[in-house]
Amino acid sequence: MKILKFEAPWCKPCQQMTEMMKSVSLPVAVQRVDIDVDGETAQLYGVRSVPTLLLVDDDGNMLTEPLVGVQSAGDIAEYFGGNLLH
């Protein structure tokens, strides 16, 4: 299980989200996906806006609805923490 973080180097909100996520302790790895380099993966998951976070299992199946846009550290922890407990 891991969190996919869809982003782009030119995206200011993505940079804000990166900083925000540094303050969140998550029990799973976060894999960054640059949509400019790996647009195929973004398309596979229907990502239309960055930043977007989503939880996937080891086979790549989505376990949560995408979390789109800049989120607070508390919202990130609550969203993924709650979904990881189920």
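Above: the structure in question.
Within each chain, residues carry numbers counting from 1 in the order of the written sequence. Selection of residues for local features in this predicted model requires a pLDDT of at least 70, selection of side-chain atom pairs for listing and counting requires 80 or more, and totals for whole chains, interfaces and linings are taken over all residues. Processing note: side-chain calculations cover all non-hydrogen atoms of the structure and skip hydrogens and water entirely.

Engineer: Please clarify how the sheet that holds strand β1 (residues 2-7) should be interpreted in this entry.
Structural biologist: Consider a sheet: its strands pair through backbone hydrogen bonds, and that pairing is either parallel or antiparallel. Taken together, four strands build an open sheet; the order of strands is β2-β1-β3-β4 and the sheet is mixed. With one partner strand each, in any of the chains shown, β2 (29-34) and β4 (67-68) form the two edges of the open sheet. The criterion for strand pairing is that DSSP finds at least two bridges linking the strands in question. Numbering of helices and strands runs from the N terminus, with a helix taken as a DSSP run of H or I at least four residues long and a strand as a DSSP run of E at least two residues long. Inspection of the sheet shows β1 paired to β2 by six bridges, in the parallel sense. Its bridge partner lying in β2, Lys5 is registered against Arg32.

Engineer: Is there a simple way to explain the side chain of Glu7 in this structure?
Structural biologist: Of note, Glu7 is situated in strand β1. Working definition: with a 1.4 Å probe on protein chains only, accessible area under 20% of the residue-type maximum means buried, over 50% means exposed, and in between means partly exposed. You can call Glu7 buried: its relative accessible area is 11%. With residues near it in sequence (within four places) discarded, Glu7 still touches Cys14, Thr18, Arg32, Val33, Asp34, Ile35 and Val50. We call two residues contacting when some pair of their heavy atoms lies within 4.5 Å.

Engineer: Please clarify how the state of the cysteines should be interpreted in this entry.
Structural biologist: What makes a disulfide is a covalent bond joining the sulfur atoms belonging to two cysteines. Put simply, a disulfide is two cysteine sulfurs that come within 2.5 Å. Applying the stated criterion across every chain yields a total of one disulfide. With a sulfur-sulfur separation of 2.5 Å, Cys11 is cross-linked through a disulfide to Cys14. Across the S-S bond linking Cys11 and Cys14, the dihedral sits near 80°, which makes this disulfide right-handed. The exposure class of Cys11 is buried, given its relative accessible area of 4%. Among the residues examined, Cys14 registers a relative accessible area of 2% and is labelled buried.

Engineer: In this structure, what is going on with the environment of Pro66? I would like to understand it.
Structural biologist: Checked against the element boundaries, Pro66 lands in the loop between β3 (52-56) and β4. Along the primary structure Pro66 and Leu4 are separated by 62 residues, whereas in three dimensions their C-alpha atoms are 9.5 Å apart. Among residues more than four places away in sequence, those in contact with Pro66 are Thr52, Leu53, Leu54 and Tyr79.

Engineer: Even after reading the chapter, I still don't get the environment of Val33, so can you show me in this structure?
Structural biologist: You can see Val33 is positioned in strand β2. The sequence separation of Val33 and Glu78 amounts to 45 residues, and the corresponding C-alpha distance is 22 Å. Leaving out residues up to four positions away in the same chain, Val33 has contacts with Leu4, Lys5, Phe6, Glu7, Asp38 and Thr41.

Engineer: Explanation requested: unusual backbone geometry in the structure shown.
Structural biologist: Working note: non-glycine residues mostly have negative phi, and peptide bonds are mostly trans. Put simply, Val50 and Pro51 share a cis peptide bond, and its omega is 0°. With respect to the helices and strands, Pro51 occurs in the loop between α2 (39-44) and β3.

Engineer: What am I meant to see in the packing of aromatic side chains here?
Structural biologist: Aromatic rings in a pair are described by how distant their centres are and how their planes are angled relative to each other. Here a pair means two rings of Phe, Tyr or Trp (six-membered ring of Trp) with centres within 6.5 Å. Their orientation is stacked below 30 degrees between planes, edge-to-face above 60, and tilted elsewhere. Evaluated as defined, the whole model comprises two aromatic pairs. Here the aromatic rings of Tyr79 and Phe80 are separated by 5.0 Å at their centres, their planes lie at 90°, and the arrangement is edge-to-face. Looking at Tyr79, the relative accessible area reads 22%, which means it is partly exposed.

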